[in-house]
Amino acid sequence: MNDEQREQRAQGYAPTDASHRQYPVPSYAGAGAHLGADQPNPGPAAGHAWPGGTPYGVNPHPVPAATVTERRGRTMTGIVAAALVAGLVGAGAGFGGAYALLGDGNPTTQLTSVPSVTNAASTVPGSVADAAAKATPSTVDIRVTTGQGTAEGSGVVLTADGDVLTNNHVVAGSGNDITVTLVDGSEHPATVVGTSPSYDLAVLRIERVSGLTPATLGRGEDVRVGQQVVAIGSPQGLTGTVTTGIVSAFDRTVAVRGQDGSGVVYNGLQTDAPINQGNSGGPLVNLDGQVVGINSAIATSGGQSTGSIGLGFAIPVDQARRVAQEIMATGAATKPVLGVAGDPRSSTRSGAQLASVQGGSPAAAAGLAAGDVVTKVGDAKVDDFSDLIARVGGNAPGDEVTLTLADGRTVVVTLGSQPDRAATTDTGGESSGPFGGRSPFGTNPNGGN
């Protein structure tokens, strides 16, 4: 020990040692990759508030399954071990300084603990702990093996006999090689009942189970901006992780890239609850433990970072409930049809201009024509065509919606219906585009719905 260290010890400072070293936290490369795609994300139209959605549940740069499993195991072990080493060494050094202050380190000195005023065995109704206690038994971990590697996400138990709701991008390409881990740690095979690419949702069926705890689904009309919410899931494989934040906003246009390279555009709920890769498909719940959204995407800061920056997006519960119910009943989902076409890449921030209106469509029946500019769907503002896709998609087939046009007219449209076989893009079409098979939004930018 040199003179400087002796002086620090005399003043009660612990000597500098390994407890002060910086332990780098490993992270997957490829920020900006979308839903497992290896290409950079073109992002939404100019003016949207996120630099690009990134899914959690798909390795942005998939590698063979064995490599992923090994890499994930080492990564998580490394993080845990580093924390333990730093904590143990730091505690020793800290107590060394403390005993120096006490004098000669009297062995009769006793450290005491004080019981909590609140009983740790119980939770206060309406607290984060209470919400987590209610929702965690209904949250599962989902591991999927694909031709590209291994993906991991989360899911929400819908029925006691094994129906589970998750994100479509978690299970896309799985070939039904799916393992679900329940809250008790037991693992079970599962199969895909059906998917909804336009809403990034899928329903699984866990085989040979019973007596599960179904989640309680909330109502969209009860959700308020600013209310506290809790996210539960398996970020980076850490099952049962609970984080908290608030509902930041409604009606966010979320544009991400699908597993097959196609674009997915939907109307999302924004939250600042920390959610990361592996949270995909897990619940966002209110303080009553009721599901208000299905976590699906995050915005990242770019570079090598794929972690949360407080901009997370969830599929609103009303959309999730309708789609899940349809899949459970028929094995497939439907989506609303307006019957117009436009370019989602353009952004005038003054509305969505209609390039064409399909004959015999709901839009044509309501009197819409090419050249019309839609500025609102209901009370929700529309800045560009991507917004129009998202706002219309936030409704159900058969709903009546009021469109406000730039010329001051309002038009009431009864939305049509079509099977949800591919992601809704410019208006729900499924045609090929000029961008290597599919356009950034999954269809010819001037295709139809």
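Cut-offs and rules
Residues numbered from 1 in each chain as written. Predicted model: local features only at pLDDT ≥ 70, side-chain atom pairs only at ≥ 80, totals over all residues. Heavy atoms only, no water. Helix = DSSP H or I, 4+ residues; strand = E, 2+ residues; numbered from the N terminus. Buried < 20%, exposed > 50% of the residue type's maximum accessible area, 1.4 Å probe, protein only. Contact = heavy atoms within 4.5 Å. Areas by Shrake-Rupley, 256 points an atom, 1.4 Å probe, with all protein chains shown as cover. Expected span 1.5 Å × (residues − 1). Core = buried A, V, L, I, M, F, W, Y, C linked by side-chain atoms within 4.5 Å. pLDDT = per-residue confidence, 0-100. Pairing = 2+ DSSP bridges. Axes fitted to C-alpha atoms, helices over the stretch in contact; angles between N-to-C directions. Polar contact = N/O pair within 3.5 Å; in protein donor to acceptor, adjacent residues only side chain to side chain. Salt bridge = Lys/Arg side-chain N within 4 Å of Asp/Glu carboxyl O.

A. Inspection of the overall build of the protein chain at higher detail. Looking only at helices and strands, the protein chain features 7 helices and 22 strands. Expressed as a percentage of its 449 residues, the buried residues of the protein chain come to 49%. In the protein chain, 64% of the contacts between residues at least 6 apart in sequence involve partners at least 24 apart. Per element, the accessible surface of the protein chain, about 19400 Å² overall, is 53% carbon and sulfur.

B. Just helix H5 (residues 317-330), in detail. Between the first and last C-alpha of H5 there are 20 Å, a value that for 14 residues agrees with the 20 Å anticipated at 1.5 Å per step. Of all the positions in H5, only Val317, Gln319, Ala320, Arg322, Val323, Ala324 and Ile327 are classed as buried. Looking at the residues trailing H5, positive phi occurs at glycine 331, about 85 degrees.

C. Inspection of the nonpolar core at higher detail. Ranked by internal contacts, the top residues of the largest apolar core, which has 29 residues, are Leu165, Leu201 and Ile294. Mapped onto this core, the elements with two or more residues apiece are helix H3 (128-135), strand E7 (201-206), strand E8 (228-233), strand E9 (241-257), strand E10 (263-271), strand E12 (291-299), strand E13 (312-316) and H5. In contact with leucine 165, not counting residues within four places along its chain, are Gly155, Val156, Leu158, Leu201, Ala202, Val203, Gly281, Ile294, Ala320 and Ala324. In terms of nonpolar packing, the next biggest core, distinct from the first, is built from 22 residues, Ala255, Leu338, Val340 and Ala390 among them.

D. Representation of the confidence of the model for the protein chain in the model. Mean pLDDT over the protein chain stands at 74; residues scoring 70 or higher make up 65%. Across residues 5-105, where pLDDT falls below 50, the model places 180 contacts with residues more than four positions away in sequence or in other chains. Low confidence marks residues 426-449, where pLDDT is under 50. Its contacts with residues over four positions away, or in another chain, come to 81 contacts.

E. Here's a closer look at the sheet that holds strand E2 (residues 139-146). Judged by pairing direction, the barrel is antiparallel, and its 6 strands sit side by side in the order E2-E3-E4-E7-E6-E5 before closing back on the first. On average, each strand axis in the sheet is inclined to that of its neighbour by 40 degrees, with strand direction left out of account. Where E2 and strand E3 (residues 149-157) come together, 8 bridges link them in antiparallel fashion. Its bridge partner lying in E3, aspartate 141 is registered against serine 154. In this fold H5 packs onto strand E4 (163-166), strand E6 (187-196) and E7, with an angle of close to 50 degrees to the strand it touches most, E7.

F. Structural detail: unusual backbone geometry. Although it is not a glycine, aspartate 200 adopts a positive phi angle of roughly 55 degrees. Mapped onto the elements, aspartate 200 comes out in the loop between E6 and E7. Since its relative accessible area comes to 2%, aspartate 200 is described here as buried. A positive phi angle, near 55 degrees, is found at aspartate 251, a position not held by glycine. Along the chain, aspartate 251 falls in strand E9. According to the relative accessible area criterion, aspartate 251 is partly exposed, its value standing at 34%.

G. Region of the structure containing the side chain of serine 296. Mapped onto the fold, serine 296 is located in strand E12. Only 2.9 Å separates the side chain of serine 296 from the side chain of aspartate 200, close enough to count as a polar contact.

H. View of the pattern of salt bridges. Following the criterion strictly, the structure yields 14 salt bridges and no others. When the shortest N-O distance is used, the salt bridge between lysine 134 and aspartate 130 registers 3.2 Å. On the criterion of helical spacing, the pair formed by lysine 134 and aspartate 130 is a turn pair, its members being 4 residues apart in helix H3. Shared partners join several salt bridges into a network, and the residues in it are Asp161, Asp163 and Arg205.

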